[in-house]
Amino acid sequence: MSQISCPVCGKPIEVKPAKRKSGKPSLMLVCSLSPAHFRGFINDPDFVMKALEVSERPAG
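What comes next is a walk through the structure. (Residues numbered from 1 in each chain as written. Predicted model: local features only at pLDDT ≥ 70, side-chain atom pairs only at ≥ 80, totals over all residues. Heavy atoms only, no water.)

## Re the sheet that holds strand 1 (residues 13-17)
Hydrogen bonds between backbone atoms are what pair the strands of a sheet, whose relative direction is either parallel or antiparallel.
Then comes step 1: Taken together, the three strands give an open sheet; going across it, the order is 1-2-3, and neighbouring strands pair in antiparallel fashion. The open sheet has two edge strands, strand 1 and strand 3 (39-42), and neither has a second partner. Going from strand to strand, the sheet's axes swing by 25 degrees on average, the running direction of each strand aside.
Then comes step 2: For strand 2 (residues 27-31) and strand 3, the ladder comprises four bridges, and the chain directions are antiparallel. Counted as the bridge partner of Val30 is Arg39 from strand 3.
Then comes step 3: Strands strand 1, strand 2 and strand 3 of the sheet are contacted by helix 1 (residues 45-56), whose axis makes an angle of about 75 degrees with strand 2. (Pairing = 2+ DSSP bridges. Helix = DSSP H or I, 4+ residues; strand = E, 2+ residues; numbered from the N terminus. Axes fitted to C-alpha atoms, helices over the stretch in contact; angles between N-to-C directions. Contact = heavy atoms within 4.5 Å.)

## Overview of the pattern of salt bridges
Then comes step 1: All chains considered together, the criterion is met by one salt bridge.
Then comes step 2: When the shortest N-O distance is used, the salt bridge between Glu14 and Lys16 registers 3.6 Å. (Salt bridge = Lys/Arg side-chain N within 4 Å of Asp/Glu carboxyl O.)

Dropping the structure here:
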């Protein structure tokens, strides 16, 4: 997977599961230096489930 940089400071954007009140799957993209720089969400259920499955697979 390619690395995405923060448009404000250039630090890497972290991708992690987000908790929603609805319980639906979501991914949060956030600047590793400061969430005030950049924060976004991906809420497409099919994409999120596939991304979580890939991230949980052992490397190799």
